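An overview of the molecular structure
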Amino acid sequence: MDLTREQLLEAYRKMRMIRAFEEKLGDLVTAGKMGGFMHLYAGEEAVAVGVCTHLGQVDTVASTHRGHGHCIAKGVDVSAMMAELFGRATGCSKGKGGSMHIADVDKGMLGANGIVGAGIPLATGAALTAKLKKTGGVSVAFFGDGASNQGAFHESLNMAANWKLPALYVVENNGFGEFTPTEFVVPVKDIAVRATSYAMKSLIADGMDFFDVYEKTGEALEHCRSGQGPVLLECKTYRFAGHFVGDPLVYRSKEEAEDWIQNRDPLDNFEEHVLEASLVDVDDLRRIDLEVQEELTAAVEAAEAAPFPGLEEITTDVYCTAGEGA
Amino acid sequence: MSRKLSLGLAVNEALHIAMETDPDVILMGEDVAGGGLREGDGIDEMGGVLGTTRGLVKSFPDRVLDTPISEMGIVGTAVGAAMTGMRPVVELMFIDFLGTCLDPLLNQAAKLRYMLGGKARIPLTVRTVTGAGMQAAAQHSQSLYWMTAGIPGLKTVIPSNPADAKGLLLAAIRDDNPVIFCEAKLVLGATGEVPEGDYEVPIGKANLVREGSDVSLIGFGGTVPICLKAAKQLADEGIDADVLDLRSLSPLDEEAILTTLAKTGRVVIVDESTPRSSVASDVAALCVDQGFDSLQTPVRRVTAPHSPVPFSRPLEQAYLPTAARVIEAVRSQG
Ligand SMILES: Cc1ncc(C[n+]2csc(CCOP(=O)(O)OP(=O)(O)O)c2C)c(N)n1
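We now turn to the structure provided with this report. Just so it is clear, the structure is predicted and the values come from calculations on it, not from any experiment.

1. With respect to the nonpolar core
Counting 97 residues, the largest nonpolar core has Val 64, Leu 105, Leu 124, Leu 246, Ile 257 and Val 283 of chain B as the members making the most contacts within it. Per-domain counts for this core show at least three residues from each of domain 1 (2-195) and domain 2 (207-332) of chain B. Sequence-distant contacts of Val 283 of chain B, that is, excluding residues within four places in its chain, are made with Ile 218, Leu 246, Leu 252, Ile 257 and Ile 269 of chain B. Ile 18, Ala 73, Leu 85 and Leu 168 of chain A belong to the second largest nonpolar core, which has 66 residues in total.

2. Some points on the environment of Ala 120 of chain B
Residue and element names in this part refer to chain B. Mapped onto the elements, Ala 120 comes out in the loop between helix H5 (112-115) and strand E5 (125-130). Residue class for Ala 120 comes out buried when judged on its relative accessible area of 4%. Linking Ala 120 and Pro 202, residues 82 residues apart in sequence, is a C-alpha distance of 23 Å. Residues contacting Ala 120, with those up to four places away along its chain left out, are Met 83, Leu 112 and Arg 113.

3. Concerning the interface of chain A and chain B
Between chain A and chain B, the contact holds 44 residues from the first and 42 residues from the second. Carbon and sulfur atoms supply 66% of the area buried between chain A and chain B, which totals about 3,300 Å² over both sides. The tally of links between chain A and chain B comes to 0 salt bridges. The tally of links from chain A across to chain B stands at 12 residue pairs in polar contact (both at pLDDT 80 or more). The residue inventory of the side of chain A that touches chain B, partitioned by class, reads 20 nonpolar, 17 polar and 7 charged.

4. A word on the site of the ligand
Every one of the 22 residues lining the ligand counts as a neighbour, but His 65, Arg 66, Gly 114 and Gly 146 of chain A together with Glu 71 of chain B are closest to it. Bordering the ligand are residues originating from chains A and B. The contact in question runs from an oxygen atom of the ligand to an N or O atom on the backbone of Asp 145 of chain A, over 3.3 Å. Phe 176 of chain A places a polar main-chain atom, nitrogen or oxygen, 3.0 Å from an oxygen atom of the ligand. For the ligand, the protein covers 98% of the area, taking 580 Å² as the surface of the free molecule.

5. Some thoughts on the sheet that holds strand E12 (residues 248-250) of chain B
All names here are of chain B. Here we have 7 strands laid out as an open sheet, ordered E3-E2-E4-E5-E7-E6-E12, and mixed in their pairing. At either end of the open sheet lies a strand with only one pairing partner, and these are strand E3 (64-66) and E12. Along the sheet, successive strands turn relative to each other by an average axial angle of 20 degrees, direction set aside. Note that strand E2 (residues 25-29) and E3 share 3 bridges and pair parallel. Within E3, the residue paired with Leu 27 across the bridge is Val 64.

6. Description of the packing of helix H3 (residues 71-83) of chain B against helix H4 (residues 102-109) of chain B
Residues and elements named next belong to chain B. The geometry of H3 relative to H4 is characterised by a closest axis approach of 7 Å and an angle of 30 degrees between their N-to-C directions. Of the possible angle classes, the one that applies to H3 and H4 is roughly parallel. Contacts between H3 and H4 pair Met 72, Val 75, Gly 76 and Val 79 from the former with Asp 103, Pro 104, Leu 105, Gln 108 and Ala 109 from the latter. By residue class, the composition of the contact of H3 with H4 is 6 nonpolar, 2 polar and 1 charged.

7. Some details on the packing of helix H1 (residues 5-30) of chain A against helix H11 (residues 282-305) of chain A
Residues and elements named next belong to chain A. Look at H1 against H11: their axes get within 9 Å of each other, and the N-to-C directions meet at 45 degrees. Looking at the two axes, H1 sits oblique to H11. Considering only the axes of H1 and H11, their crossing is right-handed. Only Asp 284, Leu 285, Arg 286, Arg 287, Ile 288, Asp 289, Glu 291, Val 292, Gln 293, Glu 295, Leu 296 and Val 300 of H11 make contact with H1, whose side of the interface consists of Arg 5, Leu 9, Tyr 12, Arg 13, Arg 16, Met 17, Ala 20, Phe 21, Lys 24 and Leu 28.

8. Details of the side chain of Thr 260 of chain B
Of note, Thr 260 of chain B is situated in helix H10 (residues 254-264). Here Thr 260 of chain B falls in the buried class, since its relative accessible area comes to 4%.

9. What about helix H6 (residues 151-162) of chain A?
Residue and element names in this part refer to chain A. Taking 1.5 Å of rise per residue, 12 residues should cover 16 Å, and H6 covers 17 Å from first to last C-alpha, within 8% of that figure. Inspection of H6 places Phe 153, Ser 156, Leu 157, Ala 160 and Ala 161 among the buried residues, and these make up the whole buried set. Viewed end-on, H6 has its buried residues packed into an arc of 120 degrees, placing them on one side of the element. Residues of H6 that are exposed and angled more than 90 degrees away from the buried face: Glu 155 and Asn 162. Those residues of H6 that are buried lie in contact with helix H5 (119-132), strand E2 (139-144), strand E3 (167-173) and strand E7 (231-236). Phi for Lys 164, located one or two positions after H6, is positive at around 50 degrees.

10. A closer look at the side chain of Asp 145 of chain A
Residues and elements named next belong to chain A. When you line up the elements, Asp 145 lands in the loop between E2 and H6. A polar contact is formed between the side chain of Asp 145 and the backbone nitrogen of Asn 174, at a distance of 3.2 Å. In this structure, Asp 145 is in contact with Val 171, Glu 172, Asn 173, Asn 174, Gly 175, Phe 176, Gly 177, Thr 182 and Ile 191, ignoring residues within four places of it in sequence.

11. Overview of the pattern of salt bridges
Tallied over the entire structure, the rule returns 43 salt bridges over all chains. A salt bridge links Asp 44 of chain B to Arg 54 of chain B, with the shortest nitrogen-to-oxygen separation between them at 3.2 Å. With a gap of 10 residues between them, Asp 44 of chain B in the loop between E2 and helix H2 (56-59) and Arg 54 of chain B in the loop between E2 and H2 connect regions that are remote in the sequence. For Asp 44 of chain B, a relative accessible area of 25% corresponds to the partly exposed category. A relative accessible area of 36% means that Arg 54 of chain B is categorised as partly exposed. A salt bridge links Asp 175 of chain B to Lys 155 of chain B; the shortest N-O distance between them is 2.8 Å. Remark: Lys 155 of chain B occurs in strand E6 (residues 155-157) and Asp 175 of chain B occurs in the loop between helix H7 (162-174) and strand E7 (179-184); sequence separation between them is 20 residues. We classify Asp 175 of chain B as buried; its relative accessible area is 13%. Residues joined by salt bridges that share partners form a network here, namely Arg 5, Glu 6, Glu 10, Arg 13, Lys 14, Asp 284, Arg 287 and Glu 291 of chain A.

12. Thoughts on the sheet that holds strand E11 (residues 241-245) of chain B
Residues and elements named next belong to chain B. One open sheet holds the 5 strands; their spatial order is E9-E11-E10-E13-E14, and the pairing between them is mixed. In the strand order of this sheet, the two ends are held by strand E9 (207-210) and strand E14 (300-302), each with one partner. Direction aside, the axes of adjacent strands within the sheet are offset by 25 degrees on average. Where E9 lies against E11, 3 bridges are found, and the strand directions are antiparallel. Note on E11: the bridge partner recorded for Asn 207 is Asp 245. Contacting strand E10 (215-219), strand E13 (267-270) and E14, helix H11 (residues 279-291) crosses the sheet at an angle of about 160 degrees to E13.

Procedures and definitions
- Residues numbered from 1 in each chain as written.
- Chains lettered and ligands numbered in written order.
- Predicted model: local features only at pLDDT ≥ 70, side-chain atom pairs only at ≥ 80, totals over all residues.
- Heavy atoms only, no water.
- Core = buried A, V, L, I, M, F, W, Y, C linked by side-chain atoms within 4.5 Å.
- Buried < 20%, exposed > 50% of the residue type's maximum accessible area, 1.4 Å probe, protein only.
- Domains from an automatic or database assignment.
- Contact = heavy atoms within 4.5 Å.
- Helix = DSSP H or I, 4+ residues; strand = E, 2+ residues; numbered from the N terminus.
- Buried area = accessible area lost by both parts, 1.4 Å probe.
- Salt bridge = Lys/Arg side-chain N within 4 Å of Asp/Glu carboxyl O.
- Polar contact = N/O pair within 3.5 Å; in protein donor to acceptor, adjacent residues only side chain to side chain.
- Nonpolar A, V, L, I, M, F, W, Y, C, P; charged D, E, K, R; others polar.
- Near = heavy atom within 4 Å.
- Areas by Shrake-Rupley, 256 points an atom, 1.4 Å probe, with all protein chains shown as cover.
- Pairing = 2+ DSSP bridges.
- Axes fitted to C-alpha atoms, helices over the stretch in contact; angles between N-to-C directions.
- Parallel < 35°, antiparallel > 145°, perpendicular 65-115°, else oblique.
- Left-handed = near helix turned anticlockwise from the far one by under 90°.
- Expected span 1.5 Å × (residues − 1).
- Arc of directions from axis to C-beta.

Right, dumping it as structure tokens:
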């Protein structure tokens, strides 16, 4: 494995931050302090961080309604995210987008998306830009197993494969689309097999294991970056919380959920692995846990103290004005 | 007999009745059962993201179809099934998702009968949720009924209360044409008296929900309670308002609109959608075009601005029409 101690600690920090961020949001929404439709990423941290650890500034990511984890993994500022979710003027989208549209284009994060599957062609377009402008970058689409049933998925994969675009399609198969188990609506066990129809390379990773995701992504990106075309990477994972905050979870068994949460937590897996191999000290991890909590507390305080956008913002940003920057 | 139900429960009751009375009625959509057929301890169905279709899968296990997230496929399949003898009811979770299934509605359902010289029938109902008010942001808060209402061959209805919801949905399902049935978020949870049993509210008929003689407030769906609230406050100032609930956006009850206009000479239309090419503009044009002689003041429209729906709470609240803005519009007529 080619990761340094610093990189490992950074990966752990991101995963811990995602977990803590999502837990905080769950509390805030439940307490009525934050509104909107809120889809939490807890349980799936190893996927976003395992993939994004390979990415740099030149690379882009398109995400989903469950997008906070992808943002944090791609380096979006947590304070600006928190302010956005509170609908404040200091938010990364001036409070106008909220959870389902959380983004920071400057960081190569093209946005969460309220339309299931819509990020997939956007990422394909970003890969087209990378190819035509020869930026050397790759574009990653994160999406759920449910989204792989949209035409947008199939149309994009066909185009990307045909044009040999530097695109990585990461399907986060958490076994459910909202409340419906995947096997109810999809006749194949692995979404990865869908790549075959587009003569595309595919890989399957254990989405609860950072190291497996990291390794498979490395292999996939080597393929993309060397001009051989796109890859479909399926990560088998599980969302620990409901589909959205407030989901009564009547449609899945407690035993099933507990088994994943108790025995397959990606943060526990990571910790076990790095400590066993003596790659980092346990004190480092606990120090990061504290730092993450402090950063989050500060982010919430700053967001709550920040002003709401002025009402004139309702009608700004609808169109660009000639000569004005983005 | 009647009892108090929410609009969502009234819709649920209409679906039960429609499926009981006609074996060709099928229900399709994402999570309309939602885990309901899964065997196992303590597992139950969700009955849709807002719980509107709860209980149906247990009563009609073969006719309630959980679909993949494939709106183009779902609506297109429903059009094909409708054309060949079924009477499908599709749930399109939010009308914003129209973007992912427009062709089967725009170019298929709406035009097949015409293009085939009257030889096809498309008895399809698409139930969908419209509007803002839940901080669901720009892609889950739109009021796009103006799009479907503008397409010849489609009908579009939008109830403002539970009793109308039940009767309009039964009428929509039994109509041989494709009907878009809108459930406005602003009134989805509101309760009201709902008659028991099987009844229909005719499509294309508006309803005068309050009688007055000084001004006509015209609303539909979520804006009817706003009109009624404004009417109450105006009454305190001695201005007595007629409140007309359109209920059906296409066909439009032109007669009812012109009748209230002839009575008051003064019209304010309240519409939750953006203003361009809107129902509000359509009704305003009708008033000017056909009712010009009755008009004593300019026609006013109270709508959302020409912008997407913002997420931030104070911005979303200011985006939506309110009773205060309706009253302001009435005052501005002089
Ligand atoms: C076009 C569209 N259809 C339906 C929805 C409603 N919806 C939001 S999330 C979701 C489930 C998505 O499942 P999946 O892609 O597997 O992602 P997961 O939520 O499991 O992460 C659905 C149906 C939507 N937002 N957009």
